[in-house]
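Okay, here's what each chain looks like letter by letter:
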Amino acid sequence: MSMTVLRTQLAGVARRPARLLLTGLAVLVASFVVFATVLAQQITERTMLANLSGTPEQAAFVVGGDATPTGRDLTRIRALPGVAEAVGRFQTSVQLGAATSSPYLEVTADPGAGPLALTRVVAGRFPQAPHEIAVTPRTVDRLGLPVGAVVSARTGPDAAPIGLTVTGVVEAAYDFGAQAYAREDTVVALSPAGPGGRIEVRLADGAAATEVRQRIQAALDAAPRPADSRVPGVTAGADVRAEEAQRELDEITTIFALVGMFVAIAVAAAALVAASTFRIVFAQRTRQLALLRAVGAGRGGISRALAAEGALTGLAAGAVGVLAALAVGHGVPPVLGWFGVQVSGPGVPWDAALLVVGGAALVTVGAVLAPAYSAARVAPLAALRAAQAAPARTGIGTARLVGGLVPAAGAVLAALLVVSRLPGRDTDDYDRNPLLLGIVASGTLLFLALMLLGPLLVRPLLRVVGWPLRRLGPVGRLAVGGIGGAPRRAAAISTVVALGVTLIAGVLVGSASVQALVDREMALAVPADYEVTAGEQPIAAAVVDEVRARTELAHVTAYRRLGELRVDGDRANTYDANDLDLAALPTLGGLDVASGSLADAGAGRVVLSGHVAEALGKRAGDQLTLTRGDRTVQVRVAAVLPGWVPLFSALVADPADLDRLGAPAGYSGILADAAVAGEDGRTAGQQALRRIGDGAGGLGLAVLADEGDEQQSLLDALLGIALGLVGLTVLIAVVGVGTTTALSVVERAGESGMLRAVGLSRAGLRIMLTTESALYGVLGATLGLLLGVPYAWLAVRALGIGAPVALPVLPLVGVFAALVVCTALAGMLPARRASRVSPVAALGTGD
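What you see is a predicted model, and the numbers here were worked out from it, not measured in a lab.

Caption draft 1: Quick look at the packing of helix α14 (residues 474-484) against helix α22 (residues 762-799). Look at α14 against α22: their axes get within 8 Å of each other, and the N-to-C directions meet at 50 degrees. Considered as vectors, α14 and α22 are oriented oblique to each other. Crossing handedness for the pair α14 and α22: right-handed. Here Val475, Leu478, Ala479, Val480, Gly482 and Ile483 of α14 lie close against α22, whose contacting residues are Gly764, Ile767, Met768, Thr771, Glu772, Leu775, Tyr776 and Leu779. Its residues placed into classes, the contact of α14 with α22 shows 10 nonpolar, three polar and one charged.

In structure tokens form, the structure reads like this:
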């Protein structure tokens, strides 16, 4: 009888392939995501191995290691049989100009053409004679070195100047605005103490690699060297490339490990959606299952047949998902190539493909077990009922209630334990991992409780979020009633949506908090685009006036530093202060304060570092006694910052207070921003400051904005990756909403026909069903925000990095609105199909 039941169920699946597609759609998307992740990792690793190594592909050997080879070593290696080419990849740096503020230029040897070249000429020509250099595009702008320019370079403070002629502009792997390339003899001439670097060797056609390597090592061993120098080693080029790429791959491996965690969450979400979908499908077949029971089929046979149906669905969905991922993965490289982006193609990892398909089947079987067991318990008498589906259950049993309350209590206790152990300002001995694990455990338990207790929460929550819809008329009331009439279904789908929204809310709050921390730290360390200093020498007021007069610069402010301060008689420590005008630089206007207000700073009122305030037991409004030598000044604390004050001083004081403490008249430094945003504006400002520095002498210039740009780019990239990953869960949730709505339309065909028969228009039915879909998003997004924001706050505090908890209201509102729109769109197609069915046909729908 079991085989008969199985054949009956599988025959039904074959007759209705659309139902198979709908039940397995979430699993299909999850399979696509999992296998696409595998292919993405392959593409990334292969591209990095091919392009991110600093060693050319044709370099068979690299000579160097712990010892730097010499020019004589290079000459001997070139003369060896089997060596087609040997390049000295020597490096040195020179200072352009005689002033101490003059910039440095990094010069690297390169052949300029051929298999071992790392550069490509884009303007002019590559150096062909001694004392010729080619520079990178950013170096042209930053240092003002166009083709044809002649610059004076020094290899040391007392060295004679050497004239270098710029013959070309080249593209290279790195361009930080101070890179040049030249012939080997030029680099050697610019290195009085000997250049650093290595030698790269290309084999001649047909040469035996082992023999050539032995000859190279023998030549190195036989070369005369100083007694205290070591002999350079010979390493296979493939090993060097792999080691260089591995350093980057280690970071990629960490990133994809994080990706794997989010993919696992997406798979769990797909399992929840699949379970809900199977529950709907089996409910629609209540009469069919009851007839099987009536003719002798046992519960076990029906359960096994339904589980087999789930396995078939999982296999089909997994196979389609894998094939779709393969098509996309192999199509991405050529498409990117059309836009000038070269990436390596993936392989065909059959083992991973089989694991994904098998995993899809297992996940689907796991998702179908509970609905199958519940459906198999249908009574044979149900076959005599007119309805084709069993009425939706609105409550939960005692066992499920208790099973939900236990993890809920565990989640609350775990969260309270984490709160009780949150760190203070001193995090030297703090270990964040136990607390972060506690947060993950609490969140997992809470979502388990939400899955079990969800049907009890749907109706109370629906009363709140559905109130505006009820006020809109009958269609709104019908939509709210449709969701409330099947709370288990609504809870299952809303839980998946809530999971995705919780993750997104956590990422948004976390990223906003980290962004606030980065903004604070960058304002403290990099308060402006440029900083001009003169070492221990003071900067004259005339230089400050000259900087302020330059139209390429804005927000110019000078400051003084004063060290060896005693605060409140503290004999154990000395502190330093500066008189930076906090209102003069835009970046400092957004500094967050632990207490007090920056607006209160002024004569007799200081801004104090949080670290110093904690050590001294001070807060805003308290009085401080500043002592330096025999001078004493009484001040009051206007504000306390969470960490250090700008320029990493202990406090910021008014210039008049520093004068009373004996500060010199000359300035310690000048801060300024570029007047025009962007690379061109920053370059113009840098050149203007260099001209002033060359005229004044003894000034040093630091471009602080480049460091800020790198940190901001990294933060933006991490945020994009994180949002993309958590978006996978939301995608599966939206698919679940569309599937649920489509199956619900079939299940409620009679109800739809009745509504049409009593006067509801096609547009009204379509709006009602679309609104129901949107309500899944409203319920899930509401739950997600209610859970995500507190957990994000807890995680930010548990990190122990001193980040202020920021609440990005507009992005969170945008996420809420986007989820509602997406879930509404997911239900539009099924709603449109339902509205096209005539009332007579809908009322006559049977099993």
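Okay, back to it.
Caption draft 2: Seen up close, the sheet that holds strand β12 (residues 553-559). Taken in spatial order, the four strands line up as β12-β20-β11-β21 in an open sheet, and their pairing is antiparallel. Looking along the sheet, the strands with just one partner apiece sit at the ends: β12 and β21 (700-703). For this sheet, the mean angle separating the axes of adjacent strands, direction not counted, is 20 degrees. Where helix α16 (residues 541-549) meets the sheet, its contacts fall on β12 and β20 (669-674), and the angle it forms with β12 comes to roughly 165 degrees. Strands β11 (530-533), β12, β20 and β21 of the sheet are contacted by helix α19 (residues 679-696), whose axis makes an angle of about 10 degrees with β11.

Caption draft 3: Inspection of α22 at higher detail. Under the 1.5 Å per step criterion, the end-to-end length of α22 is 54 Å for 38 residues, consistent within 8% with the ideal 56 Å. Buried residues dominate α22, accounting for 27 of its 38 residues. Phi turns positive one or two residues past the end of α22, at Gly800, with a value near 70 degrees.

Caption draft 4: Up close: a positive patch on the surface. On the surface, a cluster of positive charge is made up of Arg762, Arg766, Arg832 and Arg836. Those elements giving two or more residues to the positive patch turn out to be α22 and α23 (809-836). Within the secondary structure, Arg832 is located in helix α23. Arg832 sits in the partly exposed class, given a relative accessible area of 45%.

Caption draft 5: Layout of the pairing of strand β2 (residues 83-96). With 11 of 14 residues buried, β2 is to be regarded as a mostly interior element. With eight bridges connecting them, β2 and strand β9 (residues 196-203) associate as antiparallel partners. If you follow Gly88 over to β9, its bridge partner there is Ile199. As paired elements, β2 and strand β3 (residues 104-109) share five bridges and run antiparallel to each other. Looking across to β3, one finds that Thr92 is bridged to Val107. Both β2 and strand β6 (residues 150-154) contribute to a ladder of two bridges, which runs antiparallel. If you follow Leu96 over to β6, its bridge partner there is Ala153.

Caption draft 6: Broad picture of empty space enclosed by the protein. On inspection of all chains with the given rule, the structure shows three cavities of 30 Å³ or more. Lining the largest cavity are Leu450, Gly454, Leu457, Val458, Leu461, Ala491, Ser494, Thr495, Leu779 and Leu783. In terms of residue count, the dominant contributor to the lining of the largest cavity is helix α12 (residues 433-465) (five residues). Class assignment of the residues belonging to the lining of the largest cavity gives a composition of seven nonpolar, three polar and no charged. Of the volumes computed, that of the second largest cavity is approximately 40 Å³.

Caption draft 7: Broad picture of the nonpolar core. Of all hydrophobic cores here, the largest spans 38 residues; its most connected members are Val201 and Ile216. With five residues, the single largest contributor to this core is β2. Residues in contact with Val201, not counting those within four places in the same chain, are Gln58, Ala59, Ala60, Phe61, Val63, Ile77, Val83, Glu85, Ala86 and Ile216. Counting residues in hydrophobic clusters, the runner-up holds 35 residues, among them Ile493, Ile504, Leu775 and Ala781.

Caption draft 8: The arrangement of the packing of α16 against α19 in detail. The geometry of α16 relative to α19 is characterised by a closest axis approach of 10 Å and an angle of 155 degrees between their N-to-C directions. When the axis of α16 is compared with that of α19, the two are roughly antiparallel. Relative to α19, the crossing made by α16 is right-handed. Contact residues: Val543, Glu546 and Val547 in α16; Leu689, Ile692 and Ala696 in α19.

Caption draft 9: Spotlight on the side chain of Thr683. Note that Thr683 resides in helix α19. Aside from chain neighbours lying at most four places away, what touches Thr683 is Asp141, Arg142 and Tyr530.

Caption draft 10: Layout of helix α9 (residues 299-338). With 40 residues, α9 should reach 58 Å at 1.5 Å per residue; the first-to-last C-alpha distance of 58 Å fits that figure. At Val332, α9 is bent by approximately 30 degrees, the largest bend along its length, and proline Pro333 sits one to four residues beyond.

Caption draft 11: Summary view of the side chain of Glu132. Tracing the sequence through the fold places Glu132 in strand β5 (residues 132-135). Owing to a relative accessible area of 12%, Glu132 belongs among the buried residues under this scheme. Engagement of the side chain of Glu132 in a polar contact is seen with the backbone nitrogen of Gln128, the distance being 2.9 Å. Apart from residues no more than four positions distant in its own chain, Glu132 is found in contact with Arg125, Pro127, Thr165, Thr167, Tyr181, Ala182 and Thr186.

Caption draft 12: Looking closely at the pairing of strand β10 (residues 233-236). On β10, burial follows the alternation: Val234 and Ala236 on one face are buried, whereas Gly233 and Thr235 on the facing-out side are not. The sheet contact formed by strand β1 (residues 61-64) and β10 spans four bridges and is antiparallel. Residue pairing across strands places Val62 opposite Thr235, the latter belonging to β10.

Cut-offs and rules
- Residues numbered from 1 in each chain as written.
- Predicted model: local features only at pLDDT ≥ 70, side-chain atom pairs only at ≥ 80, totals over all residues.
- Heavy atoms only, no water.
- Axes fitted to C-alpha atoms, helices over the stretch in contact; angles between N-to-C directions.
- Helix = DSSP H or I, 4+ residues; strand = E, 2+ residues; numbered from the N terminus.
- Parallel < 35°, antiparallel > 145°, perpendicular 65-115°, else oblique.
- Left-handed = near helix turned anticlockwise from the far one by under 90°.
- Contact = heavy atoms within 4.5 Å.
- Nonpolar A, V, L, I, M, F, W, Y, C, P; charged D, E, K, R; others polar.
- Pairing = 2+ DSSP bridges.
- Expected span 1.5 Å × (residues − 1).
- Buried < 20%, exposed > 50% of the residue type's maximum accessible area, 1.4 Å probe, protein only.
- Patch = residues over 30% accessible without salt bridge, like charges linked within 9 Å, V, L, I, M, F, W, Y side chains within 5 Å.
- Areas by Shrake-Rupley, 256 points an atom, 1.4 Å probe, with all protein chains shown as cover.
- Salt bridge = Lys/Arg side-chain N within 4 Å of Asp/Glu carboxyl O.
- Lys, Arg positive; Asp, Glu negative; His and termini not counted.
- Charge placed at Lys NZ, Arg CZ, Asp CG, Glu CD.
- 1 Å grid on protein atoms, 1.4 Å probe; cavity = no way out; pocket = protein on both sides within 12 Å on 5 of 7 lines; lining within 4 Å.
- Points joined across faces, edges and corners; volume = space filled by probe spheres on them.
- Core = buried A, V, L, I, M, F, W, Y, C linked by side-chain atoms within 4.5 Å.
- Bend = angle between axes of the 7 residues up to and from the residue.
- Polar contact = N/O pair within 3.5 Å; in protein donor to acceptor, adjacent residues only side chain to side chain.

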